[in-house]
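Working through the structure, step by step
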Amino acid sequence: MSVRIEKDRCVGCAACVEVCPGNLLKIAPDGRAFVKRPEDCWGCASCLKACRFGAIFYFLGADVGGRGATMRVEIDGEISQWIFNTPDSPPKRIVVDAQSANKY
Amino acid sequence: MKALKRKYIETDVLIIGGGTAGCGAAIALARRAPRLRVVALEKANLRRSGCLAAGVNALNAHINPGRTVQDYLEYVRRDAEKIVRDDLILSMAERFNAITEELERMGLVFLKDDEGRYVARGKRNLKINGENIKTILENEVRKGPSTVVLNHVNATDLLKDKSGAIVGAVGFSVNFEEAFIVSAKAVLVATGGAAGLYRPNNPGFSRHKMWYSPFNTGAGYAMGIRAGAEMTSLEMRFVAQRIKDTIAPTGTIALGVGAKEINSQGEFYASKYGLSTNARAYGAANENYEGRGPCRLKTTGISHETEEDLYRAYLNMAPAQTLKWIESNEPPSKSDVEIEGTEPYIVGGHTGSGYWIDAGRRTTLKGLYAAGDVAGGAPKKFVTGALAEGQIAAESILADLNDIDDASSDTIERLAEPFVDSYERKLNRDESKWLFPLELEEAMQKIMDNYAGGISASYRYNEARLDVAEERIRVVERLVKSLRAYDMDDLLQVYELTDRLTVCRALIAHLRERRETRWPGFGVRSDYPNVDEKFELFVNSRLVDGKIQMIRRELTGKETVRER
Ligand SMILES: Cc1cc2nc3c(=O)[nH]c(=O)nc-3n(C[C@H](O)[C@H](O)[C@H](O)COP(=O)(O)OP(=O)(O)OC[C@H]3O[C@@H](n4cnc5c(N)ncnc54)[C@H](O)[C@@H]3O)c2cc1C
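Conventions we followed
Residues numbered from 1 in each chain as written. Chains lettered and ligands numbered in written order. Predicted model: local features only at pLDDT ≥ 70, side-chain atom pairs only at ≥ 80, totals over all residues. Heavy atoms only, no water. Pairing = 2+ DSSP bridges. Helix = DSSP H or I, 4+ residues; strand = E, 2+ residues; numbered from the N terminus. Axes fitted to C-alpha atoms, helices over the stretch in contact; angles between N-to-C directions. Contact = heavy atoms within 4.5 Å. Near = heavy atom within 4 Å. Polar contact = N/O pair within 3.5 Å; in protein donor to acceptor, adjacent residues only side chain to side chain. Areas by Shrake-Rupley, 256 points an atom, 1.4 Å probe, with all protein chains shown as cover. Nonpolar A, V, L, I, M, F, W, Y, C, P; charged D, E, K, R; others polar. Salt bridge = Lys/Arg side-chain N within 4 Å of Asp/Glu carboxyl O. Buried < 20%, exposed > 50% of the residue type's maximum accessible area, 1.4 Å probe, protein only. Left-handed = near helix turned anticlockwise from the far one by under 90°. Buried area = accessible area lost by both parts, 1.4 Å probe. Core = buried A, V, L, I, M, F, W, Y, C linked by side-chain atoms within 4.5 Å. Disulfide = S-S within 2.5 Å. Expected span 1.5 Å × (residues − 1). Arc of directions from axis to C-beta. Domains from an automatic or database assignment. Parallel < 35°, antiparallel > 145°, perpendicular 65-115°, else oblique.

Let us look at the sheet that holds strand S11 (residues 178-183) of chain B. Residues and elements named next belong to chain B. Pairing is mixed in the open sheet, where four strands are placed in the order S1-S11-S10-S9. Bordering the open sheet on either side are strand S1 (5-10) and strand S9 (153-160), each of which pairs with just one other strand. For this sheet, the mean inter-axis angle between neighbouring strands, taken without regard to orientation, is 20°. Sheet topology places S9 next to strand S10 (residues 166-173); seven bridges connect them, and they run antiparallel. Among the inter-strand pairings, Leu159 is bridged to a residue of S10, identified as Gly168. In the packing of helix H15 (residues 488-513) onto the sheet, the strands contacted are S9, S10 and S11, and the crossing angle to S10 comes to about 130°.

Right under this line is the structure:
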């Protein structure tokens, strides 16, 4: 389970470092964030939601069925757009409205 | 050896752990006594810490129309096979609905019907959009005029004065070379339960892809045990039935969509075992054990619309599961969802493990209160119950404060020094030592798994195995003492492991003491495979002179037999 940080997009604002419930994200000497122990990530996605630069993506470890897909989220007010990139199919988008409750 | 900067803080109330219960207490204190100084000390950041980090989909504990608080007690009593404290359940349940309405006022989104009433899920649940529930609580805590939030400080020990009262706590920054020494008139421990004692479902790269928060390491139990607080029901472990691999909750599919458990022979097996939480867990485990696995939740045939709703629901609480469905190209409408039992957790919000407390959430140590998953005797707290317990503890603290003298700050310095000294001694990387925390953590998890009823042992254990577990955990405890840390992050890992080992040792003693099998889904004592009426009681314990002393208490709480 883990997240990865895209160095080109990271501005080193440390918003992700601030929220990680496991204190796993740190700022490297180059001023960008990195995941100190990727295997210690719970997969809660708090860092993805905190990043305003879309620099963090989420993936499943192969041991829990990961096959190379990634997930990221773009948040605009109440609307979150989750974007799934899989190796062999076109990207899928799912929109979640913070004002609509779970029906199940 | 590194010298840590000492930061002294004086407050009226110290809350250790800013999760659900800790936030509940901070909010209640600020509303009732706006001038009272409150410090909420949190190892991560209140905004996204603890169980609620990813969000939740439902409030699992609410008194739905037509039901009563008494019904809730009956439900919990049945589910926990009688080992519950009525006073704790009732005092918590009578607050569920007021707390629910308060959450709505704070901004939590609920599913409502045309007439504006909450939509129930089953007998006790309400459907919500709980993705942001933790940020909502944090916003509310921040409104407290005399509340100080201290993020990124890991508490390690309680400070106990000569009279035996708790007068503060000590911890360290997870980022900077600083020790925090907090003196307080009252301390509330709300650090949640303990994950990571047993080898998890996914022991490799995804070792933290578990159900309970892997960052709740049992610190609150451990600091209480070390300070001599009485603990109850640690042997009532919690094994959750969760979605294979992602270990995501199943309630949304099982309760929400009505999907039933089915084995590989196409049999709906659940009714063979019963409906309690532990019977369900036992059902899946036993179907696998007897060769009829894998077990699944039958979701095939759900509509496309339901499927899209499920994707959104999981994104709001366990996003890994939505990714898994999409990535594997096995959507729930076309493939039943495989389930598995988790490794055992110690979690007083689902089962009964934790501090032995009175109805006011006072522990057996003067000045120390407990709420949420760290508090025992009251299973099935969930979000609303954890908030209720925080609120009850806050009210008791306010009632008790007049009787408490200020601890003089030079006493605090003296009390804290041995602990800070111990941080400094560990912060001294010695290249001749080759042990690392992860290595010893894996050793601990393997011992617990093999000898104290983990997954590989099909949750079974007996006296002879517990002997081995006890002896080997002691060896690991000795090795941990020699661990050294490069930096504060390393130090955090050393302390997390130390706390887990303290909990393991107490847990083994509890497993040994209850010579029966009361909750087969949570663990089978192979040498005593049946329920024994003699054990219709609480198994409690206390550390006295370095030894765990067992105490038996009647269901009313009265002490009956003290052993060893
Ligand atoms: C994945 C998951 C899903 C759930 N879903 C639901 C649901 O849908 N509905 C529902 O009603 N309930 C749900 N629950 C249960 C509910 O979330 C918990 O019972 C409740 O949050 C427990 O509150 P708590 O305050 O005891 O623990 P937490 O909220 O976990 O708080 C403990 C806090 O203590 C901090 N801490 C730990 N150690 C230290 C230390 N040494 N020093 C300082 N701070 C420390 C932690 O970082 C954390 O912030 C769920 C639980 C989990 C794990």
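A word on the site of the ligand. Residues and elements named next belong to chain B. Thr20, Glu42, Ser49, Ala58 and Asp373 are the nearest of the 33 residues found near the ligand. The backbone of Asn60 places a nitrogen or oxygen atom 3.0 Å from an oxygen atom of the ligand. Within the backbone of Ala155, an N or O atom sits 3.0 Å from a nitrogen atom of the ligand. When the ligand sits alone it has 1,000 Å² of accessible area, and the protein chains cover 97% of it. The element contributing the most residues to the shell around the ligand is strand S4 (residues 56-59), with four residues. When grouped by side-chain class, the residues that make up the shell around the ligand number 16 nonpolar, 14 polar and three charged.

On to the pattern of salt bridges. Close approach of charged atoms lets side chains of opposite charge pair. Residues and elements named next belong to chain B. With the rule as written, the count across this model stands at 69 salt bridges over all chains. With a closest N to O distance of 3.0 Å, Arg226 and Asp499 form a salt bridge. Placement of the pair is Arg226 in helix H6 (residues 219-227) and Asp499 in helix H15, with a sequence separation of 273 residues. Given a relative accessible area of 31%, Arg226 falls into the partly exposed group.

Residue and element names in this part refer to chain B. Close contact between helix H9 (residues 304-315) and helix H10 (residues 319-328) brings their axes to 6 Å; oriented N to C, the two are set at 140°. Considering how the two elements wind past one another, H9 and H10 form a crossing that is left-handed. In this structure, H9 contributes Leu310, Tyr311, Tyr314 and Leu315 to the contact, and H10 contributes Pro319, Gln321, Thr322, Trp325 and Ile326. Tallied by class, residues from the contact of H9 with H10 come to seven nonpolar, two polar and no charged.

It is worth spelling out the interface of chain B and chain A at this point. Across the contact, 60 residues belong to chain B and 51 residues belong to chain A. Both faces considered, chain B and chain A share a buried interface measuring about 4,700 Å² in area, 58% of it formed by carbon and sulfur atoms. There are eight salt bridges connecting chain B and chain A. Across the pair Arg207 of chain B and Asp40 of chain A runs a salt bridge whose closest N-O atoms are separated by 2.8 Å. Every element with two or more residues in the side of chain B that touches chain A is listed here: strand S5 (109-110), strand S7 (125-130), helix H7 (251-257), H9, H10 and H15 of chain B.

Next up on the list: the sheet that holds strand S2 (residues 13-16) of chain B. Residues and elements named next belong to chain B. Pairing is parallel across the open sheet formed by five strands, whose spatial order is S8-S3-S2-S12-S19. The open sheet terminates on both sides in strands that have one partner only, identified here as strand S8 (147-150) and strand S19 (368-370). Pairwise comparison of adjacent strand axes, ignoring direction, gives a mean angle of 20° for this sheet. With three bridges joining them, strand S12 (residues 186-189) and S19 adopt parallel strand pairing. Paired with Val189 across the bridge in S19 is Ala370. In the packing of helix H1 (residues 20-32) onto the sheet, the strands contacted are S2, strand S3 (38-41), S8 and S12, and the crossing angle to S2 comes to about 160°.

To continue, consider the nonpolar core. Residues and elements named next belong to chain B. In this structure, Tyr72 and Tyr355 are the most contacted members of the largest nonpolar core, which totals 186 residues. Among the elements that line this core, the one with the most residues is H15, at nine residues. Beyond its immediate chain neighbours, meaning those up to four positions away, Tyr72 contacts Ala61, Ile63, Ile89, Met92, Ala93, Phe96, Arg124, Lys380 and Phe382. If you look at the next biggest cluster of nonpolar residues, it comprises 19 residues, including Phe172, Ala485, Leu491 and Leu492.

Let's shift gears to the state of the cysteines. Residue and element names in this part refer to chain A. The full count for this structure, using the stated rule, is zero disulfides over all chains. Here Cys41 stays unpaired: no disulfide links it, and the sulfur of Cys47, its closest cysteine neighbor, is 6.4 Å away. No disulfide involves Cys44; its sulfur sits 6.5 Å from that of Cys20, the nearest cysteine. Look at Cys44 and you get buried, because its relative accessible area is 9%.

Attention shifts here to helix H14 (residues 463-481) of chain B. All names here are of chain B. With 19 residues, H14 should reach 27 Å at 1.5 Å per residue; the first-to-last C-alpha distance of 27 Å fits that figure. All of the buried residues in H14 are Leu466, Ala469, Ile473, Val476, Glu477 and Val480. Looking straight down H14, one finds its buried side chains confined to an arc of 105°; they lie on one side. Exposed residues pointing more than 90 degrees away from the buried face of H14 are listed as Glu471 and Arg478. The elements touched by buried residues of H14 are helix H13 (437-451), strand S20 (460-461), H15 and strand S21 (524-525).

Residue and element names in this part refer to chain B. Domain annotation of chain B identifies domain 1 (5-238 + 345-414), domain 2 (241-341) and domain 3 (428-545). In this structure, domain 1 and domain 3 have C-alpha centres spaced 24 Å apart. The partner domain 3 presents 44 residues to the 46 residues of domain 1 that form the contact. Interface area, domain 1 with domain 3, both sides summed: about 4,000 Å², of which 61% is carbon and sulfur. The three residues of domain 1 that bury the most area against domain 3 are Arg199, Glu235 and Arg237, which together make up 20% of that side's buried surface. We note a salt bridge from Arg207 to Glu441, for which the minimum N-O separation is 2.9 Å. The interface formed by domain 1 and domain 3 contains 23 residue pairs in polar contact (both at pLDDT 80 or more). Elements with a contribution of two residues or more to the side of domain 1 that touches domain 3: S9, S10, H6 and strand S13 (231-232). The element that contributes the greatest number of residues to the side of domain 1 that touches domain 3 is H6, accounting for five residues.

All right, on to unusual backbone geometry then. Residues and elements named next belong to chain B. In this structure, Pro294 follows Gly293 across a cis peptide bond, with omega equal to -10°. Examined against the element boundaries, Pro294 turns out to sit in the loop between helix H8 (277-289) and strand S16 (296-297). Backbone geometry at Lys380 places phi at a positive 60°, although glycine is not the residue there. Residue classification places Lys380 among the buried positions, given a relative accessible area of 6%. One non-glycine residue, Ser458, lies in the positive phi region at around 50°. For Ser458, the position within the fold is in the loop between H13 and S20.

All names here are of chain B. At a minimum axis separation of 10 Å, H13 and H15 run at an interaxial angle of 15°. Judged by the inter-axis angle, H13 sits roughly parallel to H15. The two elements H13 and H15 meet at a crossing, and its hand is left-handed. On the side of H13, the interface is formed by Pro437, Leu440, Glu441, Met444 and Met448, while H15 contributes Gln493, Val494, Leu497, Arg500, Leu501, Cys504, Leu507 and Ile508. Its residues assigned to classes, the contact of H13 with H15 comprises 10 nonpolar, one polar and two charged.

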